[in-house]
Every structure is written in structure tokens, then in C-alpha cells.
Amino acid sequence: MQTDAVPDDLPAATVPSPALAPQPAVVPRDDGVWLVAGVAPVDAQAAVGHVFLSGSCFAGLDYGVFLRMLFGAGPELPEAQREQPLVRFADAIVPFVSARRALYKSVKIIAGEADYFFEPVFLDTGEGEPQPATLKFDEFVADMWIKGIRFGIDAAAVRDAIASGKPARRVVARRLDPVPGRDAAIVEVSDDLHRSNAPRELANGRFDLHTFQNRFPQVKARVRLLRKEPRSEGSRGFELSGIPIEAPAGKDLELTRVAGQGTVIEHLDGYDYLIAAVEGFINVDGKTQRLSIGPKIVSREGVSVRTTGNLQLTGEYEEFGEVQENRVVEGGNITIHGDVFGNIASRGGSVHLKRNLMGGSAANVNGPIRIGGVAANAVVQTKQGEVTIRQAQSCVITGSKVTIREATNCEIIADEVVIGNATGCAIAARRIAIDYAGPRKQSEMLLFALVPDTTRYDDAIADSLARAAAGAAAAERHKAAIDAITTRQDVRSYLTLATRVRKRELTLTAEQLPRFHKMAEQVGPALKDVAKLSLAGKEAQAQHDKMAEQVALLRTRRTEIAGVSTCKVKMLSGDTMLRTMVFQPDAGPPHDLAPKDVKAKLRAGSWSHAPVVHAAQGTLAWTSAPEATSPA
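Below you will find a few notes about this structure. (Residues numbered from 1 in each chain as written. Predicted model: local features only at pLDDT ≥ 70, side-chain atom pairs only at ≥ 80, totals over all residues. Heavy atoms only, no water.)

1. Re the overall build of the protein chain
Phase 1 of the analysis: When its secondary structure is counted, the protein chain shows nine helices and 39 strands.
Phase 2 of the analysis: The proportion of buried residues among the 632 residues of the protein chain is 41%.
Phase 3 of the analysis: Long-range pairs, those at least 24 residues apart, make up 50% of the contacts in the protein chain with a sequence separation of at least 6. (Helix = DSSP H or I, 4+ residues; strand = E, 2+ residues; numbered from the N terminus. Buried < 20%, exposed > 50% of the residue type's maximum accessible area, 1.4 Å probe, protein only. Contact = heavy atoms within 4.5 Å.)

This is how it looks when you write it as C-alpha cells:
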């Protein structure tokens, strides 16, 4: 331990006795003063404080290492000193005599900062006039420790002030504020989560400016989507006195708060990941922020030029916003919660518009269409499926079955139509059932009972009947010719004798056999004619039976196609006309028409036949069956 390092300007008589033995945390050696690594900071602080309180200080103090070892703050240790059992932080422990301690003045502490006034100092030697002296950084640290400032000395500022020798007030120490811990966070780890709002590139190299490239991301199974970044504890601060200021720890969170259906949480590579359990579309609930994956696309932003552009979807789609005018949504199993002003096209499944369809269209190739609100100036068409609307105004509607609570000025074609209140409409169907019907202003109330055209089957039945009759007549002619031959005496005698011989009722003698053979030669040509006529008769009868069977099949098919067309109105209020409208059953469903063709077919006014019913009040009950009745 070096204790003979005494300042040159201090008389030897004033040198104090050596410092007391330091605590075990401080290890003085010939090559410097060392701190034991791994000792608790409070023990290291106590050992250093013991040195300072014993009237000594550390010569050649490395203040950065000093702070790191005592408080765990400040710069990191040099590379060479890391992971070492002892860490060197000073050259030696030397006396800090009272004469030099008097050179250091009081310090002012304001708002966590220590303010010190540097000025020229003089050493009292006790031999007359004081001698000029110089402050030392190592002694400054020791003096501050004794005065309660044990942390945060600005070594560079103090050394600079001492070296300048000019009077100046400097901030020589600062409190270290704690750094709050970082909150746990959820970060994206998959590019598949991001949308692409770039215009979609078409096959011909052009861009569709009305359609985005990828508005609704889709992911494969087992793809990592989100990762939890763990929280940090933060770093503690210190008062000037060395008292620690604990940092608030970061808030924790769990991936379970964002894990929805179709996702799983797994711990991989030291992190928690949210992973796609199935292949499907990514949906994020705006309220709960839960991320789910499934076959259905869920959107809450509406369909517009700004949000989505036109949509061409491969899966189910559910939209909670509005569909803007002129926007197109193509997909399957489409549900819209907001108003629709654009066009909805489904390849199948169902189309459910929970509010209104205003000026747009809803089409479904194979499946039902339901509109919970009002459809106005719109087109609603399904090739195979039921159309259900609460209220329809000035719409073109087609489907297998159409059910409307209230319809005004609409053109409707279907197999079956059920309406509560219909005014000013033109309706064509196989079966019509209306509670209340009548004209509206300039719009007539027109009803058309669809009757299939069975002419082709009628002609086929008549042709088959004629062929069957021809076959029967030919069979009768051949039978008459056979009877004419078989009634001849010679033929009848031979046939009778041949029959008895064949049945062994008669046995011919040797003398009789030549005569029997001679008879056979004489009637042989006639028998050949009988055989030919018999074969021709069987063929004619077979043709008759075949044609008769075909007639039965054609009549069954005709009955199936013809069916029975009906029209029932419980109450008429004004002129209402019912006509029959013939359609070709083999040309597809009669309601499979373009909207303009529907209007032309129902509103053209060029019908050449008179209405089957024309009434203005009462009820209407008509059927195409023979027992058809007139309006009451």
C-alpha cells in the first residue's frame, strides 16, 4: 500500500498517520488499488466510504470505473477488465490531510445539481503568509463524498475548471434520473400482414386503377405473424447522495389479447409468436384488436375509391361499411351491413344486404339474395335462388322465387312471386300470390301467367300416335293375309295332319309317308308366304308398341312441363289485367334475362291477345287447369 505520496507543498509535520485498513472489497496492491468484482454495491460503497472517512483518498482515480463498480452506472468497463475477479480503479490510497481538506469549499445543491465556485486557493502552512495551492480531482471526489455528494461528479468539468485556474461557477455533479423500462410490445414478423393498395396489373400489362393489388391479405398455415417483444426493467437512477432511484418497470402484455380464431401461440427461439393455425384471410376486429384467420373476409371500412376500390374476392366477404356508387364487389357468400350504392356480384352462396340497395345491383349466379331494407332503382337478379326484399321501388327483379313485402313500379319475372302489397308493377310468374294489387299513377298493374309452350311435345305426340296407328294397321293387314292363306283346303289339311304327326297323335305307315311328303311340297310356297307375313306382322306390332310407349313418355313429360299456372289476388284496387305469356321451357328459366329485356318483355304493350282477366275490384283467382275460375 502506497502511503508516502505526500504533496510537495505540505510540511512534513502535518502528514497524518496512515489510513486505517480498508474493507475487504477494496484491495490495495503495489500495482494499484482494486475492487473485488461481484461484491454487492452497498459493500463496495461502504469500503470506499471507510477510506474517505479515515482521512485518505484515491490517487490516480479512474472515476468511470469507480462509478461502474460502486453504482453500476456510467460507462462500461474496459474490455480487458470485464469478467475479471479484480478491477483496478486507482493508483494508490494516499492521505488527505486537514490542511488540504480546508482548500475545498462548500457546494450548493439545487434541483439535483451540485454547484461549486472555483477560485484561487491558498494553503495555510502555519509559517506566515499562505502559499498558493492547486486543487486536485482525487481530493475533490473525497471531499464531495464526505459532504454527501457520492454520485454523479462531472469529472471532465471538474478537471477543466481546476486546470484553468480561473474563478468560475460550475455544475460539478448531477443526479441521474431513472430510465423507465420499455413496455412489452407486439411486432409484425410477416410481410403477409400488409395490404397492397397499388393498382392491380392486368394480364395485358395494363393497370386497373379501380382495383387494388391486394386489399385483403391471405396467409398460409404455420406462418409466424406477430412476435412479443418482452418488457425491460429500465435502469435505475441515483441521487447525488448515492441513494438509488428505482425505475418503473415496463408494462407487460400477452399475445392472448390479440389471438383470435384460426391462430395459436407458440414459444420459439426464446420469443412468443402468434402463428397462423390455418390458411385463410386475415381479419382484425377494430374493437378488440383480435387477429383471426378464416375463410371469410371481414371489412369495416366500406367499399370506395379511397378504401378498397373494386373487389374481386375468392372467399366469403362481410362488410360493415357502405359500398360506394359504381364500386363492384365480386365474390361468394357476401354480407353487407351498410347501404349499397354499387354493384354486388356473387358466384354462389348467399347475398345478404342488411340495409338498403340504392341505385346499384345485386346478382347471384346460384343462391338467394336477401335485402333487409329498401331496394330502389336497383336490379336484383339470381338465376337459381330466392329473392327476399322488405320494400322494392322501381326495381327489376328476377329469381326462382321472389318474396316482397311491398313492391311499387317494379318489373318482376320468376317461377313464383309472393307479394304483400303490389302497386303499378308488371309481374310474370308460374304462380302469383298477392294480398293487395292495383295501379299507381301512370303505371298499370300487369300480371302475366307464364304458360310453357308445349307445341313441340304436342307435335311429337301426334307423330308418334300416327306411327303407332300405322304399325297397328300394318299388323292387321299381315294377319288378314295369313288368315287368307291358312284357310285354303290343301293348306289347312296339311297343317292339321302335320300337327297330329308332330304331337304323335298319328303315326304314318311306310305307304303313307310318300304321300305326306308330296303334300308338303305342294303347300311349301304358301307356307313360306305365311312365314314372311308373320315376321312382317311382328315388326309392325313392335313399331306400334314402341310408338305407344313413346307417346306415354311424351305425355308424362308434357304434363310435367305444363304444370299448372295460377294467379291469386286477395284484393284488387283499380284496373288489373291478367294475360298468359308463353315461354319456351327448353330455353332455360324464363327469368334468366337481361334487365333491359325484362322491361321490354313486361312493359312493351304490344300483346296481341286479350287479357284472360280484367278486373278493378274484388278478388282474382285464376288457374290454367280446366276448372279455372273467373274473378269474384
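2. Looking at the pattern of salt bridges
Phase 1 of the analysis: Per the counting criterion, the structure on display carries 25 salt bridges.
Phase 2 of the analysis: E239 serves as the salt-bridge partner of R175, at 3.9 Å between the closest nitrogen and oxygen. Highlighted residues: R175 in the loop between β10 (168-174) and β11 (185-188) and E239 in the loop between β16 (237-238) and β17 (244-245), separated in sequence by 64 residues.
Phase 3 of the analysis: Look at R175 and you get partly exposed, because its relative accessible area is 32%.
Phase 4 of the analysis: We classify E239 as partly exposed; its relative accessible area is 29%.
Phase 5 of the analysis: K570 serves as the salt-bridge partner of D435, at 3.6 Å between the closest nitrogen and oxygen. On the criterion of sequence distance, the pair formed by D435 in strand β36 (residues 426-438) and K570 in strand β38 (residues 566-583) is long-range, its members being 135 residues apart.
Phase 6 of the analysis: By relative accessible area, which is 60% here, K570 ends up exposed.
Phase 7 of the analysis: A single network of salt bridges, built from pairs that share partners, joins E113, D154 and R174. (Salt bridge = Lys/Arg side-chain N within 4 Å of Asp/Glu carboxyl O.)

3. Description of the packing of aromatic side chains
Phase 1 of the analysis: Using the criterion set out here, one finds 15 aromatic pairs in the structure.
Phase 2 of the analysis: Aromatic side chains F96 and Y104 sit 5.9 Å apart centroid to centroid with 80° between the ring planes, which places their arrangement in the edge-to-face category.
Phase 3 of the analysis: We classify F96 as buried; its relative accessible area is 3%.
Phase 4 of the analysis: Of the residues examined, Y104 reaches a relative accessible area of 5% and is grouped as buried.
Phase 5 of the analysis: Through successive ring pairs, a cluster of aromatic residues spans F52, F58, Y63, F66, F89, F137 and W145.
Phase 6 of the analysis: Note that R29 overlies the ring of W34, its terminal NZ or CZ placed 4.4 Å from the centroid.
Phase 7 of the analysis: The cationic tip of R159 hangs over the ring face of F137; the distance from NZ or CZ to the ring centre is 3.9 Å. (Phe/Tyr/Trp six-rings, centres within 6.5 Å; stacked < 30°, edge-to-face > 60°. Lys NZ or Arg CZ within 6 Å of the ring centre and 35° of its normal.)

4. Regarding helix α7 (residues 489-502)
Phase 1 of the analysis: Relative to the 20 Å expected for 14 residues at 1.5 Å per residue, α7 spans 20 Å between its end C-alpha atoms, a close match to the ideal helical length.
Phase 2 of the analysis: The complete set of buried residues in α7 reads V491, Y494 and A498. For α7, the angular spread of buried residues about the axis comes to 65°, placing them on one side.
Phase 3 of the analysis: Those residues of α7 that are buried lie in contact with α6 (455-486) and α8 (512-562).
Phase 4 of the analysis: Remark: R504 follows α7 within two positions and exhibits a positive phi of approximately 65°. (Expected span 1.5 Å × (residues − 1). Arc of directions from axis to C-beta.)

5. As for the packing of helix α1 (residues 41-53) against helix α4 (residues 137-146)
Phase 1 of the analysis: In contact at an axis separation of 10 Å, α1 and α4 are set at 105° when each is read in the N-to-C sense. Considered as vectors, α1 and α4 are oriented roughly perpendicular to each other. When α1 is examined against α4, the residues Q45, V48, G49, F52 and L53 are found in contact with a partner set consisting of V141, A142, W145 and I146.
Phase 2 of the analysis: Residues of the contact of α1 with α4, tallied by class, amount to seven nonpolar, two polar and no charged. (Axes fitted to C-alpha atoms, helices over the stretch in contact; angles between N-to-C directions. Parallel < 35°, antiparallel > 145°, perpendicular 65-115°, else oblique. Nonpolar A, V, L, I, M, F, W, Y, C, P; charged D, E, K, R; others polar.)

6. Focus: the sheet that holds strand β7 (residues 113-118)
Phase 1 of the analysis: Pairing is antiparallel in the open sheet, where three strands are placed in the order β6-β7-β10. Across the chains shown, the open sheet's two edge strands, defined by having one partner strand only, are β6 (108-110) and β10. On average, each strand axis in the sheet is inclined to that of its neighbour by 30°, with strand direction left out of account.
Phase 2 of the analysis: Helix α5 (residues 155-164) contacts β7 and β10 of the sheet and is inclined by roughly 155° relative to β10. (Pairing = 2+ DSSP bridges.)

7. Remarks on the side chain of N364
Phase 1 of the analysis: Mapped onto the elements, N364 comes out in strand β30 (residues 361-366).
Phase 2 of the analysis: Classification of N364 as buried rests on a relative accessible area of 3%.
Phase 3 of the analysis: At a separation of 3.4 Å, a polar atom in the side chain of N364 contacts the main-chain amide nitrogen of G348.
Phase 4 of the analysis: Once residues within four sequence positions are removed from consideration, N364 is found in contact with S346, R347, G348, G349, S350, V351, I369, Q381, T382 and K383. (Polar contact = N/O pair within 3.5 Å; in protein donor to acceptor, adjacent residues only side chain to side chain.)

8. So, the environment of A392
Phase 1 of the analysis: Positionally, A392 belongs in strand β33 (residues 386-393).
Phase 2 of the analysis: Put simply, A392 and V380 are 12 residues apart on the chain and 9.9 Å apart in space, counted from C-alpha to C-alpha.
Phase 3 of the analysis: Once you skip the residues sitting within four places of it in the chain, A392 turns out to touch A375, I397, I404, E406, A407, T408 and C410.

9. Concerning the side chain of Q381
Phase 1 of the analysis: Tracing the sequence through the fold places Q381 in strand β32 (residues 379-384).
Phase 2 of the analysis: We classify Q381 as buried; its relative accessible area is 16%.
Phase 3 of the analysis: Engagement of the side chain of Q381 in a polar contact is seen with the side chain of T398, the distance being 3.3 Å.
Phase 4 of the analysis: Separated by 2.8 Å, the side chain of Q381 and the backbone oxygen of L593 make a polar contact.

10. A short note on the pairing of β38
Phase 1 of the analysis: When β36 meets β38, the two strands line up parallel, connected through six bridges. Within β38, the residue paired with I432 across the bridge is C567.
Phase 2 of the analysis: As paired strands, strand β37 (residues 445-452) and β38 are joined by eight bridges and run parallel to one another. Bridge pairing in β38 links A449 to T580.

11. Some thoughts on the nonpolar core
Phase 1 of the analysis: Of all hydrophobic cores here, the largest spans 56 residues; its most connected members are F58 and I153.
Phase 2 of the analysis: Here this core gets seven residues from one element, more than from any other, and that element is helix α2 (residues 63-71).
Phase 3 of the analysis: Among all residues touching I153, those that are not within four sequence positions of it are Y63, F137, F140, V141, M144, V158, V172 and A173.
Phase 4 of the analysis: I404, A414, I427 and L620 belong to the second-largest nonpolar core, a separate cluster that totals 49 residues. (Core = buried A, V, L, I, M, F, W, Y, C linked by side-chain atoms within 4.5 Å.)

12. Some thoughts on unusual backbone geometry
Phase 1 of the analysis: In this model, N333 sits at a positive phi of 55°, which is unusual for a non-glycine residue.
Phase 2 of the analysis: Positive phi, close to 50°, is recorded for S394, a residue that is not glycine.
Phase 3 of the analysis: Mapped onto the elements of the fold, S394 is located in the loop between β33 and β34 (396-408).

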